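Spelled out, the chains give:
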Amino acid sequence: MKETDVRILRKYTNRRLYDTSRSCYVTLEDVKQLVLNGEQFQVQDSKTGNDLTRNILLQIISEQEAEGHGTLLTNQVLQQLIRFYGDSMQGMMSQYLEQSIAAFLEHQDRIREQMQTMMGAANPLTMMNRFADQNMAVWNMFSQRGEEEAGSSADAAKAAGDTSEESGKKKD
């Protein structure tokens, strides 16, 4: 199937959906997977050929909201959307929502990173790990310095001992 091809799903009066490209019946879950995979499709009424894609998509959204997958469309948002129908600003609202979602999707990775950073900063374990790492760095710095000083003191003592032995031999 070419990228420009649109998969056609036919909806029959018994409410079943038939995928014409795969020659099999599909469920709403299958249609949801098409959406998640970014595949282009259209749902047509089997008798009239009318486009029913929006109705099926709204049905999927309704089921997602009812299954407790988190609410994207709160009662307040839905009421406000209903108020826009028939309003002179309806066309602008539609464009605004599309552009807002497109902009959100463009910035989604950056938003996720920022959220993880914020969540990480608020996590007490993350803070304790940072403190522990800083303390270990300071400890390592002092222990290296102590080893270097001990090594140079031993070298100095050895050097001092060598010179005193040499001077003792000269006296004999």
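Residues numbered from 1 in each chain as written. Predicted model: local features only at pLDDT ≥ 70, side-chain atom pairs only at ≥ 80, totals over all residues. Heavy atoms only, no water.

**A word on the overall build of the protein chain**
Stage number 1. For the protein chain, the count of helices and strands is 6 helices and 4 strands.
Stage number 2. Starting at the N terminus and ending at the C terminus, the protein chain contains elements arranged as β-β-β-α-β-α-α-α-α-α.
Stage number 3. Expressed as a percentage of its 172 residues, the buried residues of the protein chain come to 11%.
Stage number 4. Within the protein chain, contacts between residues at least 6 apart in sequence are counted, and of these 39% link residues at least 24 apart. (Helix = DSSP H or I, 4+ residues; strand = E, 2+ residues; numbered from the N terminus. Buried < 20%, exposed > 50% of the residue type's maximum accessible area, 1.4 Å probe, protein only. Contact = heavy atoms within 4.5 Å.)

**Points about helix α1 (residues 28–36)**
Stage number 1. Every buried residue of α1 is listed here: L28, V31 and L34. The buried residues of α1 all sit within an arc of 110 degrees when viewed along its axis, so they share a single face.
Stage number 2. Looking one or two places after α1, you find G38, whose phi comes out positive at around 75 degrees. (Arc of directions from axis to C-beta.)

**Let's talk about the packing of aromatic side chains**
Stage number 1. For the structure shown, the criterion picks out 2 aromatic pairs.
Stage number 2. Ring plane angle 75 degrees and centroid distance 6.5 Å describe the contact between Y12 and Y18, whose orientation is recorded as edge-to-face.
Stage number 3. For Y12, a relative accessible area of 32% gives the class partly exposed.
Stage number 4. By relative accessible area, Y18 is classed as partly exposed at 23%.
Stage number 5. A centroid spacing of 5.1 Å and a plane angle of 70 degrees characterise the contact between Y18 and Y25, whose relative ring orientation is edge-to-face.
Stage number 6. Owing to a relative accessible area of 41%, Y25 belongs among the partly exposed residues under this scheme.
Stage number 7. Three or more aromatic residues joined by ring pairs form one cluster here, namely Y12, Y18 and Y25.
Stage number 8. Between the NZ or CZ atom of R16 and the centre of the ring of Y25, over which it lies, the distance is 3.9 Å. (Phe/Tyr/Trp six-rings, centres within 6.5 Å; stacked < 30°, edge-to-face > 60°. Lys NZ or Arg CZ within 6 Å of the ring centre and 35° of its normal.)

**Focus: the packing of α1 against helix α2 (residues 53–66)**
Stage number 1. Viewed as axis vectors pointing N to C, α1 and α2 meet at an angle of 100 degrees, and their least axial separation amounts to 10 Å. Regarding the angle of α1 to α2, the classification is roughly perpendicular. In this structure, α1 contributes L28, V31, K32 and V35 to the contact, and α2 contributes I56, L57, Q59, I60, E63 and Q64.
Stage number 2. For the contact of α1 with α2, the residue count by class is 6 nonpolar, 2 polar and 2 charged. (Axes fitted to C-alpha atoms, helices over the stretch in contact; angles between N-to-C directions. Parallel < 35°, antiparallel > 145°, perpendicular 65-115°, else oblique. Nonpolar A, V, L, I, M, F, W, Y, C, P; charged D, E, K, R; others polar.)

**So, the confidence of the model for the protein chain**
Stage number 1. Residues of the protein chain with pLDDT of at least 70 account for 78%, and the chain-wide mean is 82.
Stage number 2. At the low end of the mean pLDDT range in the protein chain sits helix α6 (residues 124–171), at 66; at the high end sits strand β4 (residues 41–45), at 96. (pLDDT = per-residue confidence, 0-100.)

**Considering the environment of L34**
Stage number 1. In this structure, L34 sits in helix α1.
Stage number 2. Using a relative accessible area of 8% as the deciding quantity, one classes L34 as buried.
Stage number 3. It is 9.6 Å that separates the C-alpha atoms of L34 and R7, two residues lying 27 residues apart in sequence.
Stage number 4. Apart from residues no more than four positions distant in its own chain, L34 is found in contact with R7, L9, E39 and F41.

**Points about the pairing of strand β1 (residues 7–11)**
Stage number 1. In this structure, β1 lies alongside β4, joined through 5 bridges in parallel fashion. Paired with I8 across the two strands is Q42, which belongs to β4.
Stage number 2. Two elements, β1 and strand β2 (residues 17–19), share 3 bridges in a ladder whose sense is antiparallel. Residue pairing for β2: R10 is matched across the bridge by Y18.
Stage number 3. From the end of β1 to the start of β2, which pair antiparallel, there are 5 residues, and R15 there has a positive phi angle of about 70 degrees. (Pairing = 2+ DSSP bridges.)

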